Amino acid sequence: MIKEKMRYGVIMKEIKAEDIILYEDEDLLVCHKPAGFPVQSRRMGTMDLESLLRNYLAGKGEQAYVAVIHRLDQPVQGILVFAKNKESAAKLNQQIQQGKMEKRYLAYVQGKPEKKEAHLVNEMEKDARTNTSRVVENKTPISKRAELVYRVLQETEEGSLVEIHLLTGRHHQIRVQMAHAGMPLFGDTKYNKEATKQQEWQQISLCAYKVSFFHPKTKKKMEFQVKPVGNFPIV
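Residues numbered from 1 in each chain as written. Predicted model: local features only at pLDDT ≥ 70, side-chain atom pairs only at ≥ 80, totals over all residues. Heavy atoms only, no water.

Our focus in this paragraph is the pattern of salt bridges. Oppositely charged side chains can pair when the atoms bearing their charge come close. As enumerated under the stated definition, the model contains 16 salt bridges in all. Across the pair Glu 26 and Lys 217 runs a salt bridge whose closest N-O atoms are separated by 2.9 Å. Here Glu 26, found in the loop between strand 3 (21–24) and strand 4 (28–33), pairs with Lys 217, found in the loop between strand 12 (206–214) and strand 13 (221–225); they are 191 residues apart in sequence, far enough to count as distant. The exposure class of Lys 217 is partly exposed, given its relative accessible area of 46%. (Salt bridge = Lys/Arg side-chain N within 4 Å of Asp/Glu carboxyl O. Helix = DSSP H or I, 4+ residues; strand = E, 2+ residues; numbered from the N terminus. Buried < 20%, exposed > 50% of the residue type's maximum accessible area, 1.4 Å probe, protein only.)

Here the phi dihedral of Asn 131 falls at roughly 55 degrees; this positive angle occurs in a residue that is not glycine. Following the sequence through the fold, Asn 131 ends up in the loop between strand 8 (117–127) and strand 9 (132–136). Exposure remark for Asn 131: the relative accessible area of 39% places this residue in the partly exposed category. A positive phi is found at Lys 219, a non-glycine position, where the angle reads about 70 degrees. Positionally, Lys 219 belongs in the loop between strand 12 and strand 13. Here Lys 219 falls in the exposed class, since its relative accessible area comes to 52%.

Between its terminal C-alpha atoms helix 3 (residues 86–98) stretches 18 Å, which fits the 18 Å expected from 13 residues at 1.5 Å a residue. Elements that come into contact with the buried residues of helix 3 comprise strand 5 (67–68), strand 6 (77–83) and strand 12. Of the residues one or two after helix 3, Gly 99 is the one with positive phi, at around 70 degrees. (Expected span 1.5 Å × (residues − 1). Contact = heavy atoms within 4.5 Å.)

With that out of the way, let us pick up the confidence of the model for the protein. On average, the protein scores 89 in pLDDT, and the residues at 70 or more come to 91%. Per-residue pLDDT, averaged within each element of the protein, yields its smallest value for strand 1 (residues 3–7) (42) and its largest for strand 3 (98). (pLDDT = per-residue confidence, 0-100.)

What follows concerns the packing of aromatic side chains. This structure, assessed with the given rule, holds three aromatic pairs. Ring plane angle 20 degrees and centroid distance 4.5 Å describe the contact between Tyr 108 and Phe 186, whose orientation is recorded as stacked. One end of the pair, Tyr 108, is in strand 7 (residues 102–110); the other, Phe 186, is in the loop between helix 4 (173–180) and helix 5 (193–197), and 78 residues separate them in sequence. For Tyr 108, a relative accessible area of 4% puts it in the buried group. Judged by centre distance (6.2 Å) and plane angle (25 degrees), the ring pair of Phe 213 and Phe 224 falls under stacked. (Phe/Tyr/Trp six-rings, centres within 6.5 Å; stacked < 30°, edge-to-face > 60°.)

Its place among the elements puts Tyr 105 in strand 7. Distance from Tyr 105 to Leu 166, taken between C-alpha atoms, is 7.7 Å for residues 61 residues apart in sequence. Ignoring anything within four residues of it in the chain, the contact list for Tyr 105 reads Leu 72, Val 162, Glu 163, Ile 164, Leu 166, Ile 174, Leu 206, Cys 207, Ala 208 and Tyr 209.

In terms of residue burial, strand 4 counts as a mostly covered element, since six of its six residues are buried. The alternating pattern of strand 4 places Leu 28, Val 30 and His 32 on one face and Leu 29, Cys 31 and Lys 33 on the opposite face, and all of these are buried. Relative to strand 4, strand 3 runs antiparallel, the two sharing three bridges. From the neighbouring strand, Glu 24 faces strand 4, where its bridge partner is Leu 29. Once strand 3 ends, the chain turns through three residues before running back antiparallel as strand 4. (Pairing = 2+ DSSP bridges.)

Among the nonpolar cores identified, the biggest contains 37 residues, and Leu 53, Phe 82, Tyr 150, Ile 164 and Met 178 are the most heavily contacted of them. Here the element with the most residues in this core is helix 2 (residues 49–59); it accounts for five residues. In this structure Leu 53 touches Ala 17, Ile 21, Leu 29, Cys 31, Val 66 and Phe 82, once residues within four positions along its chain are discounted. By size, the runner-up hydrophobic cluster in this structure holds 24 residues, among which are Leu 106, Val 211, Phe 213 and Phe 224. (Core = buried A, V, L, I, M, F, W, Y, C linked by side-chain atoms within 4.5 Å.)

Structure (structure tokens):
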């Protein structure tokens, strides 16, 4: 059961691990992270997904080892994979490095892009001071190459539902690249100027809805898919 309460003007969720686990065996955990729930948090007294899963395993009498394989921004919902031992963590991280773990996202963006499918390639810089990133025209000593492919699935009067295949994993990459291309995400108060004007909290329209990889022990291909909730009028 997921209970909701207000804190600092934002809806905070009291989450049980059993409600968000999509798959579990002796080597890994696959979860559906709710929007607004951090994967890891430095704030004292703030529950995060990593700690929630450690507590869940300890409560079952298992070794409370949880390795974060990949991350999602706190406002973003979607599928995450965690390893339950060091061997599995090493093999899953290797798949990340080799591009064998595929991640696809659904995003509801403003406008109707002229190109219904495109490959975006940009140089991006991260500003740790403001916790933001930006596209730069030319490569710099601190910039990194960012790549994604998007495809328009449906359109409304206000915007478009797009599927995004993430080819690199940069800080705020989808949000920054799509905004730079003239397709900011609904509810994104960092990179969408229209959303920034609104005072109330909004849920960002971004979900890591499909993930595929190979099981670290059996080598079997694993694929998981979820349906986004919240600020997605057409799914």
